[in-house]
Amino acid sequence: MAKLNITLKKSLIGRNPRQRATVKALGLRKIGQTVTHDDTPQIRGMIHKIDFMLDVEEA
């Protein structure tokens, strides 16, 4: 299964609680932090909700 490297690029300050919860569910805490997840429909949906805050690349 393909892997995705997801990096948080923008701050959570001023974001609504649902966006903050999505970032937390992805396992991100700080700007510049990168996590690796499997490429599943659930993860893709989470990325789609906050794609303006993330940098996503194939691993």
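Residues numbered from 1 in each chain as written. Predicted model: local features only at pLDDT ≥ 70, side-chain atom pairs only at ≥ 80, totals over all residues. Heavy atoms only, no water.

(A) Seen up close, the overall build of the protein. Regarding its fold elements, the protein presents 2 helices and 3 strands. Counting from the amino terminus, helix and strand elements in the protein follow one another as β-α-β-α-β. A compact globule built from 59 residues would reach a C-alpha radius of gyration of about 10 Å, and the protein, at 11 Å, matches this within 12%. Overall, the C-alpha framework of the protein stretches about 35 × 20 × 15 Å when taken along its three principal axes. Going through the 59 residues of the protein one by one, you find that 27% of them count as buried. Within the protein, residue pairs in contact and separated by at least 24 positions form 72% of the contacts whose partners lie at least 6 positions apart. Computed over 11 positive and 6 negative side-chain charges, the inter-centroid distance for the protein is 13 Å. (Helix = DSSP H or I, 4+ residues; strand = E, 2+ residues; numbered from the N terminus. Rg over C-alpha atoms; globule rule 2.2 N^0.38 Å. Buried < 20%, exposed > 50% of the residue type's maximum accessible area, 1.4 Å probe, protein only. Contact = heavy atoms within 4.5 Å. Lys, Arg positive; Asp, Glu negative; His and termini not counted. Charge placed at Lys NZ, Arg CZ, Asp CG, Glu CD.)

(B) Expanded view of the pattern of salt bridges. For the structure shown, the criterion picks out 3 salt bridges. The closest approach of N and O atoms between Lys3 and Asp38, which form a salt bridge, is 2.8 Å. With Lys3 in strand E1 (residues 3-8) and Asp38 in strand E2 (residues 34-38), this residue pair connects regions lying 35 residues apart in the sequence. Under the relative-accessibility criterion, Lys3 is labelled partly exposed at 37%. (Salt bridge = Lys/Arg side-chain N within 4 Å of Asp/Glu carboxyl O.)

(C) Examining the environment of His37 more closely. The topology assignment puts His37 in strand E2. In the structure, His37 is positioned 25 residues away from Leu12 in sequence and 21 Å away in space, judged by C-alpha atoms. Side-chain polar atoms of His37 contact the backbone oxygen of Leu26, separated by 2.7 Å. (Polar contact = N/O pair within 3.5 Å; in protein donor to acceptor, adjacent residues only side chain to side chain.)

From the geometry alone we can't say anything about function, so treat these as descriptive.
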